[in-house]
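Structural characterization, general
Letter by letter, the chains look like this.
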Amino acid sequence: LFYLNLGYNLINFIKDGLFFSLKSLQILMLNNNKLEKFTKNTFDGLNTLKELNLSCNKIQTIKIFYFYQLSNLKTLSLNKNQITIIEYGSFRNTKKLVNINLNDNCIFNIEKNFFIDLNILIYLKLDSNKIFYLKDGTFNNLKKLEYLYLNSNKISYLTQGIFSDLISLRYL
């Protein structure tokens, strides 16, 4: 199985090991459900997964271990949830990510070096959140980033050099 679409259902929990036998799965659509959280084993066995869509759920916190198993992930959609907290290091093992969509959540703070492990990231969507301040070093090591969406936030102050590492940036 290459593609699995479980979107637009009423799923609120995924049992550990559910996807374990789907060794060749590359695209998993879980959008428009009622998912709130996962365990460290939720995505076990999905080593070949390239795209994960978790948009339009009820996720509030991204724990450090949620995506640890997904080392080949290229696209992650978490838009239109209720995310307020993303634990530092949540994307540490997803070094192949090129597209992260976090728009339309409740994120208010992003730590320095938060995306440092994502050195091939091209698209970062953080629009329509509650971000009020971006620390110097927030976008460190994102030298391949071309598209950064920050519109419709509450940003009131930017430090000098906040975008200096973004040498490939085409759209802000």
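Described in the following lines is the structure provided in the data block. (Residues numbered from 1 in each chain as written. Predicted model: local features only at pLDDT ≥ 70, side-chain atom pairs only at ≥ 80, totals over all residues. Heavy atoms only, no water.)

So, the sheet that holds strand 1 (residues 3–5)
- Spatial ordering of the open sheet is given by 1-2-3-5-7-8-10, a layout of seven strands whose pairing is parallel. In this open sheet, the two edge strands, each paired with only one partner strand, are strand 1 and strand 10 (147–149). Across the sheet, the mean angle separating the axes of adjacent strands is 5 degrees when strand polarity is ignored.
- The pairing of strand 5 (residues 75–77) with strand 7 (residues 99–101) spans three bridges and is parallel. By the bridge assignment for strand 7, Thr-75 is matched with Asn-99. (Pairing = 2+ DSSP bridges. Helix = DSSP H or I, 4+ residues; strand = E, 2+ residues; numbered from the N terminus. Axes fitted to C-alpha atoms, helices over the stretch in contact; angles between N-to-C directions.)

Overview of the environment of Ile-107
- With respect to the helices, strands and loops of the structure, Ile-107 is situated in the loop between strand 7 and strand 8 (123–125).
- By relative accessible area, which is 2% here, Ile-107 ends up buried.
- Other than its neighbours up to four places away in sequence, Ile-107 contacts Ile-83, Thr-84, Ile-86, Leu-102, Asn-129, Lys-130 and Ile-131. (Buried < 20%, exposed > 50% of the residue type's maximum accessible area, 1.4 Å probe, protein only. Contact = heavy atoms within 4.5 Å.)

Some thoughts on empty space enclosed by the protein
- In total, this model carries one cavity of 30 Å³ or more according to the counting rule given.
- For the largest cavity, the full set of lining residues is Tyr-88, Gly-89, Ser-90, Phe-91, Arg-92, Asn-113, Phe-114, Ile-116 and Asp-117.
- Along the lines of polarity and charge, the residues of the lining of the largest cavity split into four nonpolar, three polar and two charged. (1 Å grid on protein atoms, 1.4 Å probe; cavity = no way out; pocket = protein on both sides within 12 Å on 5 of 7 lines; lining within 4 Å. Points joined across faces, edges and corners; volume = space filled by probe spheres on them. Nonpolar A, V, L, I, M, F, W, Y, C, P; charged D, E, K, R; others polar.)

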